[in-house]
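Listed below, chain by chain, are the residues.
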Amino acid sequence: SAFPTGGFAHSGGLEAARQHGEVRGGDSLAEYLRVLLKQLAHASMPFAHAAFVDDNDFGEIDRRNDAFLSNHVANRASRLQGQAFAASAERIFGGSELSSFRNALLEENLPGHFAPVFGAVARMLALPSDATARLFVFTQLRGSISAAVRLNIVGPGEGQGIQHRLTD
């Protein structure tokens, strides 16, 4: 939770859903998160996986993610989180590969979206594919539940219970 990627600053649409009365408490939050996880599997995960398995075409994967995220708020949040994640990984884990990767993001003026950056960094850290996928989903779910707690939709304990039920 202390890994500084900006995930706690963005609600991923949860704040708007709450304002429109779509999410009012634990039950509606759980349903919202189920839909979010399905969307994650079909929208963000393919970009993370592509960057994990293909180290030669990161720029193309990142640019496709940029085109896919047509909502300007989601696009900006993804860029900020991805760039923060790359900077944090370089600072924490070090190494020439992470430094070169981050420099390439800056020099090539790539968007640096969170999903492909996450996949690429996980590959550079030699994480197994299945662990990378689970970690990616976990971080997204954890970020949404943290936002729900921050927005007073649920308390911390209820949020943890929802997370536990959704991870089965």
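The coordinates are above.
Residues numbered from 1 in each chain as written. Predicted model: local features only at pLDDT ≥ 70, side-chain atom pairs only at ≥ 80, totals over all residues. Heavy atoms only, no water.

Let's talk about the nonpolar core
In terms of nonpolar packing, the biggest core is built from 40 residues, with L14, L29 and F101 touching the most fellow members. If near-sequence neighbours (up to four positions away) are discounted, L29 is found in contact with L14, V23, A148, I153, V154 and I162. (Core = buried A, V, L, I, M, F, W, Y, C linked by side-chain atoms within 4.5 Å. Buried < 20%, exposed > 50% of the residue type's maximum accessible area, 1.4 Å probe, protein only. Contact = heavy atoms within 4.5 Å.)

Quick look at helix α4 (residues 58-68)
Among all positions in α4, only F58, G59, I61, D62 and N65 are buried. The buried residues of α4 all sit within an arc of 165° when viewed along its axis, so they share a single face. Exposed positions of α4 whose direction lies more than 90 degrees from the buried face are R64 and A67. Residues of α4 that are buried sit in contact with α3 (45-53), α6 (96-107) and α7 (114-124). (Helix = DSSP H or I, 4+ residues; strand = E, 2+ residues; numbered from the N terminus. Arc of directions from axis to C-beta.)

A word on the pattern of salt bridges
Within the structure shown, the criterion is met by five salt bridges. A salt bridge links R64 to E60; the nearest nitrogen and oxygen atoms lie 2.8 Å apart. Of this pair, R64 and E60 are both found in helix α4, four residues apart, which corresponds to roughly one turn of the helix. On the basis of relative accessible area, R64 is assigned to the exposed category, the value being 53%. With a shortest N-O distance of 3.4 Å, D130 and R134 are connected by a salt bridge. Placement of both D130 and R134 in helix α8 (residues 129-150) is noted, with a separation of four residues, approximately one turn of the helix. Among the residues examined, R134 registers a relative accessible area of 54% and is labelled exposed. (Salt bridge = Lys/Arg side-chain N within 4 Å of Asp/Glu carboxyl O.)

A word on the packing of helix α5 (residues 72-93) against α7
At a minimum axis distance of 7 Å, the contact between α5 and α7 shows a crossing angle of 20°. Put simply, α5 runs roughly parallel to α7. Where α5 crosses over α7, the handedness of that crossing is left-handed. Together, S78, Q81, G82, F85, A86 and A89 of α5 and F114, V117, F118 and V121 of α7 make up the contact between the two elements. (Axes fitted to C-alpha atoms, helices over the stretch in contact; angles between N-to-C directions. Parallel < 35°, antiparallel > 145°, perpendicular 65-115°, else oblique. Left-handed = near helix turned anticlockwise from the far one by under 90°.)

Quick look at the packing of α6 against α7
Two numbers describe how α6 lies on α7: the axes approach to 10 Å, and their chain directions differ by 160°. Between α6 and α7, the angle falls in the class roughly antiparallel. In terms of crossing hand, the pair formed by α6 and α7 is right-handed. Taking contact as the criterion, the partners of E97, L98, F101 and L105 in α6 are, on α7, V117, A120, V121, R123 and M124. Across the contact of α6 with α7, the residue classes tally to seven nonpolar, no polar and two charged. (Nonpolar A, V, L, I, M, F, W, Y, C, P; charged D, E, K, R; others polar.)

What is shown is where atoms sit, not what they do.
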